[in-house]
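Examination of the molecular architecture
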Amino acid sequence: MIDLIIVTYNSANCIRGCIEAIQAYTPVPYTIFIVDNGSTDGTIEYVQGLHEVRLIENGQNFGYAYAANRGMASGTSATIAIMNPDVCVTSGWLHPLYELLWSNEKHAIVAPKMINSANQLVGVGTNWDWTAPYFMYPNDPDVLQDTRACLAINGACFIIKRKLLGVLGFLDEYYFHYFEETDYCFQANYSGYTVLYCPASVVYHEYYPNPERDKAIHQYWEQSEAHFNSKWGYLGYGKIIRKG
């Protein structure tokens, strides 16, 4: 059993594909929690028509971390997946993640290989030197095929253990948008747990540079980055400092 937490905000253009992929490629029992941040584009109406989905309405946009935390707190399954509404899972996506997560008590966060529809790499974990390897490179079969520990992962899709919420906490709700998953990965690594990239699992996530979108939400990045930098310090190769 797994709880799938999906935060939506005017996500009508993508949430149907996300749900249908889950239904097609997730063979184990699951519960989908859609936490909506005040959509006005038909997202809520679509989700209300799905009997197998539990809808949590915030009524307004309280930010990603707050919404994801509401979803996590509403579930009971030992394994939790946090997913963006614009991801589409593929056949066999869950088993490698689940097996890796539960293969060791110190494994706290596991994320799949994420590619876009142009078969470019858009999520493969952040290296210990704070670099994102092969970002937007073609998904060559010989590239990044080994499971590896990471400094952080891309938060569009990852799984965690519910029992570690009591140790690592929930997502920091100061982050309205951006850095919430990076913060959580730093917390896990700082606490002696492991964050892992699992290339045996593949998930589609549409990422393309969009100057108009990026300019509009740049303020969120700056606010989140400032909070992150006030909270964490990084000296390289595993040396994480907690400032506050």
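This report concerns the structure included in the present document. Worth saying up front: this structure is predicted, and the values here are computed from it rather than measured.

Side note on the pairing of strand 4 (residues 79-83)
For strand 4, a buried count of 5 out of 5 residues is recorded, marking the element as mostly surrounded by other parts of the structure. Side chains of strand 4 alternate between two faces, with Thr-79, Ala-81 and Met-83 and Ile-80 and Ile-82 buried alike. Sheet topology note: the strand 1 (residues 2-8)/strand 4 ladder contains 5 bridges and is parallel. Bridge pairing in strand 4 links Ile-5 to Ile-82. For strand 4 and strand 9 (residues 157-161), the ladder comprises 5 bridges, and the chain directions are antiparallel. Looking at the pairing, Ile-80 lines up with Ile-160 of strand 9.

Observations concerning the nonpolar core
Side chains of nonpolar character tend, in soluble globular proteins, to be buried together. Among the nonpolar cores identified, the biggest contains 35 residues, and Met-72, Ile-109, Ile-153 and Ile-160 are the most heavily contacted of them. Here this core gets 5 residues from one element, more than from any other, and that element is helix 3 (residues 64-74). Leaving out residues up to four positions away in the same chain, Met-72 has contacts with Ile-5, Ile-80, Ile-82, Ile-160, Arg-162, Leu-165, Phe-170 and Leu-171. Grouped together as the second largest cluster of nonpolar side chains are 32 residues, Leu-4, Val-89, Cys-157 and Leu-196 included.

Some details on the layout of surface pockets
Space inside the second largest pocket adds up to approximately 170 Å³. Forming the boundary of the second largest pocket are Met-1, Ile-2, Tyr-25, Pro-27, Val-28, Gly-92, Trp-93, Leu-94, His-95 and Tyr-98. It is helix 4 (residues 94-102) that provides the largest number of residues to the lining of the second largest pocket, a total of 3 residues. Among the residues forming the lining of the second largest pocket, the class breakdown is 8 nonpolar, 2 polar and no charged.

Let's talk about the state of the cysteines
One covalent bond between the sulfur atoms of two cysteine residues makes up a disulfide. All told, the structure shown has 0 disulfides when counted by the stated rule. Of all cysteine sulfurs, the one in Cys-18 lies closest to Cys-88, which takes part in no disulfide; the gap is 6.2 Å. Here Cys-88 falls in the partly exposed class, since its relative accessible area comes to 28%. Here Cys-157 is not disulfide-linked; the sulfur of Cys-18 is the nearest cysteine sulfur, at 8.6 Å.

Describing helix 6 (residues 180-190)
With respect to burial, helix 6 is a largely interior element, 10 of its 11 residues being buried. Among the residues making up helix 6, those that are buried are Glu-180, Glu-181, Thr-182, Asp-183, Tyr-184, Cys-185, Phe-186, Gln-187, Ala-188 and Asn-189. Gly-192, located one to two residues past helix 6, shows a positive phi value of around 90 degrees.

Thoughts on the pairing of strand 6 (residues 107-115)
Summarising burial for strand 6: 9 of the 9 residues are buried, a large majority. Relative to strand 10 (residues 194-205), strand 6 runs parallel, the two being bridged by 8 bridges. The residue of strand 10 that forms the bridge with Val-110 is Leu-196. With 2 bridges joining them, strand 6 and strand 9 adopt antiparallel strand pairing.

Structural notes on the packing of aromatic side chains
All told, the structure shown has 14 aromatic pairs when counted by the stated rule. Taking the centre distance of 6.3 Å and the plane angle of 15 degrees together, the rings of Trp-130 and Phe-228 count as stacked. Residue Trp-130 is found in the loop between strand 7 (121-123) and strand 8 (148-149), and its partner Phe-228 is found in helix 8 (residues 218-231); the two are separated by 98 residues along the sequence. Overall, Phe-228 belongs to the buried group, its relative accessible area being 4%. With a centroid separation of 6.0 Å and 65 degrees between ring planes, the pair formed by Phe-186 and Tyr-234 is classed as edge-to-face. A residue pair is termed long-range when its members are at least 10 positions apart, and Phe-186 in helix 6 and Tyr-234 in strand 11 (residues 232-234) qualify at 48 residues. Residue class for Phe-186 comes out buried when judged on its relative accessible area of 1%. On the accessibility criterion, Tyr-234 (24% relative accessible area) is partly exposed. Taken together, Trp-130, Tyr-178, Phe-179, Phe-186, Tyr-190, Trp-221, Phe-228, Trp-232 and Tyr-234 form an aromatic cluster joined through their ring pairs. We note Lys-161 situated over the ring of Trp-102; from NZ or CZ to the ring centre the distance is 5.1 Å.

Cut-off values and rules
- The numbers attached to residues start from 1 for each chain and follow its sequence in the written order.
- At least 70 in pLDDT is required for a residue's local features to be given in this predicted model, at least 80 for side-chain atom pairs to be given and counted, and no such filter applies to totals for whole chains, interfaces and linings, which use all residues.
- As a rule here, side-chain values cover all heavy atoms of the structure and leave hydrogens and water aside.
- Burial classes: relative accessible area under 20% of the type maximum marks a residue as buried, over 50% as exposed, and values in between as partly exposed (1.4 Å probe, protein chains only).
- Put simply, DSSP marks the helices as runs of H or I at least four residues long and the strands as runs of E at least two long, and each gets a number from the N terminus on.
- Criterion used throughout: strands pair if DSSP finds at least two bridges between them.
- Residues belong to a common nonpolar core when they are buried Ala, Val, Leu, Ile, Met, Phe, Trp, Tyr or Cys residues joined through side-chain atoms within 4.5 Å.
- Here, two residues are considered to be in contact whenever any of their heavy atoms come within 4.5 Å of each other.
- Any residue with an atom within 4 Å of a point lines the site, the site being either a cavity, points on a 1 Å grid over the protein atoms alone where a 1.4 Å probe fits but cannot get out, or a pocket, an open set with protein on both sides within 12 Å along at least 5 of 7 lines.
- Grid points are joined across faces, edges and corners, and a volume is the space filled by probe spheres set on the points.
- Residues are sorted three ways: Asp, Glu, Lys and Arg are charged, Ala, Val, Leu, Ile, Met, Phe, Trp, Tyr, Cys and Pro are nonpolar, and all the rest, Gly among them, are polar.
- In plain terms, two cysteine sulfur atoms within 2.5 Å form what is called a disulfide here.
- Ring pairs shown here join Phe, Tyr and Trp side chains whose ring centres sit within 6.5 Å, with only the six-membered ring taken for Trp; geometry is labelled stacked below 30 degrees between planes, edge-to-face above 60, and tilted in between.
- Here, over-ring charges are defined by two tests on the NZ atom of lysine or the CZ atom of arginine: distance to the ring centre within 6 Å, and angle to the ring normal within 35 degrees.

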